[in-house]
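Here are the chains, one letter per residue:
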Amino acid sequence: MSLDNSTFVTGFVLTGLVIQADLQVILILSFLFFYIVTLVANLSIIIIAISDHTLHIPMYAFLGNLAFVDICFSSVVVPKMLTDFMSQKKMISFWGCMLQIHFFHFLGSTEAILFSVMSFDRYVAIAQPLKYSTIMSYNVCLCLGSCSWVIGFFHALVHTIMTARLPFCGPNIVQHFFCDVKPMLNLACTDVSLNLKLLAIVTGAIATSTLTLTILSYVFISKFLLKIKTSQGRKRALSTCSGHLTLVALFYGTAIFTYATKGSLDEDRTAAIIFTVITPALNPIIY
């Protein structure tokens, strides 16, 4: 079916967060605070990593990429959510919704891949310190960083195209505070089994493979840590991994809960808030 003939809905209404009126101001200020922290802290990391020549090493190059992803990731959802808090009609156009879906999954999958790349970088730094600069050369870092963005882009493009081609005949109320694939599929007036399979297979493959590679990196790291004889040496090596491990646990915990379980609408919204509001602000603070 052509998009023009099958799509009757030209815009969607976001239900937003269902909260009590007396809590609305508190939530607006809280989310605004987290968003400002996200922008300032992550931008500071990028500026410092670029301006300080002693930090021109792979670890900080990947960290700068992660900081940029976090700024964009939060910006896809939070500004729209804040304006919707103060608006009676929480409208979003059809293509605005599709763009939100695309960039949400684009940046989310890119971040997942970057976490795996960063764990591999930590493994090389701890296991092969003398060969680190050779293994993690400029070309290798550029390739790993570029692949993270390219894979993330095409992963999101699959979901965006498959969602955009669906006929939406009404109602047009999205039971979420932003456009995501799962709430949108509930509004389609056709069979969405293929979309659900793609969501499970493609997104599941990226999540599973990146998490597996991250875990494997830390399994090998732990073996080398056991070989370090001094407690100070082990502590120093662990300090370079603790922040990354914390972020990985937080990121994958919320992602698995959202996309691998059949949680209630309120639970999905809570996980999404952690995903889009809190985690991007905590990343630079933890690092």
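Source: prediction; values computed, not measured.

With that settled, the discussion passes to the sheet that holds strand 3 (residues 173-174). The pairing of strands in a sheet comes from backbone hydrogen bonds and takes either a parallel or an antiparallel form. Reading across from one edge, 2-1-3 is the order of the three strands in this open sheet, with mixed pairing throughout. If you trace the sheet from one side to the other, it starts and ends with strand 2 (91-93) and strand 3, each paired once. Where strand 1 (residues 11-14) lies against strand 3, two bridges are found, and the strand directions are parallel. Note that in strand 3 the partner of V13 across the bridge is I173. Sitting on the sheet, helix 4 (residues 94-127) is in contact with strand 1 and strand 2, with an inclination near 85° to strand 2.

Here we come to the packing of aromatic side chains. For the structure shown, the criterion picks out 19 aromatic pairs. An aromatic cluster of at least three residues, connected via ring pairs, comprises F68, F103, F106, W149, F153 and F154.

Moving on, we come to the side chain of N283. With respect to the helices, strands and loops of the structure, N283 is situated in helix 10 (residues 265-286). By relative accessible area, which is 2% here, N283 ends up buried. Side-chain polar atoms of N283 contact the side chain of D70, separated by 2.6 Å. Apart from residues no more than four positions distant in its own chain, N283 is found in contact with L66, D70, E111 and L247.

Counted at 1.5 Å a residue, the expected span for helix 8 (residues 193-227) with its 35 residues is 51 Å, and the 50 Å between its end C-alpha atoms agrees. The sharpest bend along helix 8 reaches about 30° and sits at G204. Along helix 8, the residues that are buried comprise N195, L199, T203, I206, T210, T214, S217, Y218, I221 and L225.

Attention now goes to the UniProt feature "transmembrane region" (unreviewed entry) in the chain. Feature annotation in UniProt places "transmembrane region" (unreviewed entry) on residues 25-50, 62-82, 102-124, 136-158, 198-221 and 242-260, given in this structure's numbering. With 100% helix and 0% strand, residues 102-124 has end C-alpha atoms that lie 33 Å from one another. With 91% helix and 0% strand, residues 136-158 has its two end C-alpha atoms placed 31 Å apart.

A few words on a nonpolar patch on the surface. A contiguous nonpolar patch, built from L32, I36 and V40 and spanning about 250 Å² of accessible area, is present on the exposed surface. Its location among the elements puts V40 in helix 2 (residues 21-51).

As a further point, take the side chain of H102. As for its placement among the helices and strands, H102 is situated in helix 4. In contact with H102, other than residues within four places in its own chain, are F153, A156, L157 and T160.

Let us look at the nonpolar core. Note that soluble globular proteins tend to have their nonpolar side chains buried in a common cluster. The biggest cluster of nonpolar side chains holds 43 residues, and the ones touching the most others in it are L17, F31, M81, F85, F104 and F177. Counting residues per element, the ones that place at least two in this core are helix 2, helix 3 (58-85), helix 4, helix 9 (231-259) and helix 10. The element best represented in this core is helix 3, accounting for 14 residues. Grouped together as the second largest cluster of nonpolar side chains are 20 residues, L14, M98, L166 and F168 included.

Another point: the packing of helix 3 against helix 4. Packing of helix 3 against helix 4 brings their axes to within 9 Å, and their N-to-C directions diverge by 160°. When the axes of helix 3 and helix 4 are compared, the pair comes out roughly antiparallel. Handedness of the crossing formed by helix 3 with helix 4: left-handed. Tallied by class, residues from the contact of helix 3 with helix 4 come to 17 nonpolar, four polar and five charged.

Our focus in this paragraph is the state of the cysteines. One covalent bond between the sulfur atoms of two cysteine residues makes up a disulfide. Summed over the entire model, instances satisfying the criterion amount to two disulfides. One disulfide in the model links C97 with C179; its S-S distance is 1.9 Å. Here C97 and C179 share a disulfide; its torsion about the S-S bond, -115°, makes the bridge left-handed. A residue pair is termed long-range when its members are at least 10 positions apart, and C97 in helix 4 and C179 in the loop between strand 3 and helix 7 (181-185) qualify at 82 residues. Residue C97 shares its accessibility class with C179, and that shared class is buried. In this model, C169 is linked to C189 through a disulfide, with the two sulfur atoms separated by 2.0 Å. Judged by the sign of its S-S torsion, about 55°, the cystine formed by C169 and C189 is right-handed.

Cut-offs used in this document
- Residues numbered from 1 in each chain as written.
- Predicted model: local features only at pLDDT ≥ 70, side-chain atom pairs only at ≥ 80, totals over all residues.
- Heavy atoms only, no water.
- Pairing = 2+ DSSP bridges.
- Helix = DSSP H or I, 4+ residues; strand = E, 2+ residues; numbered from the N terminus.
- Contact = heavy atoms within 4.5 Å.
- Axes fitted to C-alpha atoms, helices over the stretch in contact; angles between N-to-C directions.
- Phe/Tyr/Trp six-rings, centres within 6.5 Å; stacked < 30°, edge-to-face > 60°.
- Buried < 20%, exposed > 50% of the residue type's maximum accessible area, 1.4 Å probe, protein only.
- Polar contact = N/O pair within 3.5 Å; in protein donor to acceptor, adjacent residues only side chain to side chain.
- Expected span 1.5 Å × (residues − 1).
- Bend = angle between axes of the 7 residues up to and from the residue.
- UniProt positions renumbered as here; feature names shortened; annotations may be inferred.
- Patch = residues over 30% accessible without salt bridge, like charges linked within 9 Å, V, L, I, M, F, W, Y side chains within 5 Å.
- Areas by Shrake-Rupley, 256 points an atom, 1.4 Å probe, with all protein chains shown as cover.
- Salt bridge = Lys/Arg side-chain N within 4 Å of Asp/Glu carboxyl O.
- Core = buried A, V, L, I, M, F, W, Y, C linked by side-chain atoms within 4.5 Å.
- Parallel < 35°, antiparallel > 145°, perpendicular 65-115°, else oblique.
- Left-handed = near helix turned anticlockwise from the far one by under 90°.
- Nonpolar A, V, L, I, M, F, W, Y, C, P; charged D, E, K, R; others polar.
- Disulfide = S-S within 2.5 Å.

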